[in-house]
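Each chain, written out:
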Amino acid sequence: MAITKDTSAPPPPANALRKLTRELSARLQRGINLAEERFEEITRTAPYIWSVPSCSGEKTYTVDLKHGTCDCPDRPPAPEKCKHISAAAYVKAKTATCSGCSERVRHRDLHEVGDDNLTFFEGDLVCEGCALDHGVL
Ligand SMILES: [Zn+2]
Ligand SMILES: [Zn+2]
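Caption draft 1: How the structure looks around the overall build of the protein. Helix and strand counts for the protein come out as three helices and eight strands. Tracing the protein from N to C terminus, the helices and strands come up as α-β-β-β-β-α-β-β-β-β-α. Expressed as a percentage of its 137 residues, the buried residues of the protein come to 23%. Here the analysis covers contacts within the protein between residues at least 6 apart in sequence; of these, 37% occur between residues at least 24 apart.

Caption draft 2: Quick look at the nonpolar core. Ranked by internal contacts, the top residues of the largest apolar core, which has 14 residues, are Ala35, Ile42, Val52, Val63, Ala87, Ala88 and Val91. Within the residue set of this core, elements represented by two or more residues are helix H1 (15–37), strand S2 (49–53), strand S3 (60–64) and helix H2 (83–94). Sorting elements by how many residues they give to this core places H2 first, with five residues. Sequence-distant contacts of Ala87, defined by excluding residues within four places in its chain, comprise Gly31, Leu34, Ala35, Ile42 and Val52. With 11 residues, the next largest nonpolar core counts Val105, Phe120, Ala131 and Val136 among its residues.

Caption draft 3: View of the sheet that holds strand S1 (residues 43–46). The antiparallel open sheet is built from four strands, whose spatial order is S1-S2-S3-S4. Where the open sheet ends on each side, the last strands, each with one partner, are S1 and strand S4 (69–70). Pairing analysis gives two bridges linking S3 to S4, with the strands arranged antiparallel. Along S4, the bridge assignment pairs Val63 with Cys70.

Caption draft 4: View of the environment of His111. Tracing the backbone through its elements, the reader meets His111 in strand S7 (residues 110–112). Residues His111 and Ala131 lie 20 residues apart in sequence; the distance between their C-alpha atoms is 6.9 Å. Excluding anything up to four places from it in sequence, His111 contacts Val126, Glu128, Ala131, Val136 and Leu137.

Caption draft 5: Local environment of unusual backbone geometry. Positive phi outside glycine occurs at Tyr48, with the angle close to 70°. Within the fold, Tyr48 resides in the loop between S1 and S2. Using a count of 14 C-beta atoms within 10 Å as the deciding quantity, one classes Tyr48 as partly exposed.

Caption draft 6: Representation of the environment of Gly123. Relative to the helices and strands, Gly123 is located in the loop between S7 and strand S8 (125–127). Assessed through the 10 C-beta atoms surrounding it within 10 Å, Gly123 is described here as exposed. Residues Gly123 and Val113, 10 residues apart in the sequence, show an inter-C-alpha distance of 5.1 Å. When neighbours within four sequence positions are excluded, Gly123 is seen to be in contact with Glu112 and Val113.

Reading the values: the criteria
- Residues numbered from 1 in each chain as written.
- Chains lettered and ligands numbered in written order.
- Predicted model: local features only at pLDDT ≥ 70, side-chain atom pairs only at ≥ 80, totals over all residues.
- Helix = DSSP H or I, 4+ residues; strand = E, 2+ residues; numbered from the N terminus.
- Buried ≥ 20, exposed ≤ 12 C-beta atoms within 10 Å, placed from the backbone.
- Contact = placed C-beta atoms within 7 Å.
- Core = buried A, V, L, I, M, F, W, Y, C linked by C-beta atoms within 7 Å.
- Pairing = 2+ DSSP bridges.

Set out below in structure tokens:
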């Protein structure tokens with residue numbers, strides 16, 4: 001399976017937007033860093049609702065990706081989002097739900113089901129464990 005990597009950098013912004021964009025991307029980058037450092041701890045607890053640890057790991061915040069809200073004290077002015085929202089969105093984009101066990105798994109650890117499997121539909125994505133259990137591999 002192909003591994004997709006985000007290597008494309010955004011184009012340089014126009015003068016008026018440069019400062020805002022720089023602040024936006026700094027916060028976004030902090031969210032991505034948080035997501036990569038604590039990937040396993042960022043979990044979906046209900047539809048659209050994600051549990052995201054603070055950078056120190058001492059607290060856990062609740063992010064609502066449907067409404068774009070977070071219960072942390074950081075309230076950046078719109079259109080900025082706090083890093084927990086960015087982190088949750090990042091993990092969501094990097095993962096998919098296993099058709100077998102319903103765990104969220106990184107795309108690169110998922111296996112696509114072929115047309116000859118008796119348990120899953122063709123094109124379903126399953127984790128390594130489910131793939132081994134049901135003859136996908
Ligand atoms: Zn937050
Ligand atoms: Zn699974």
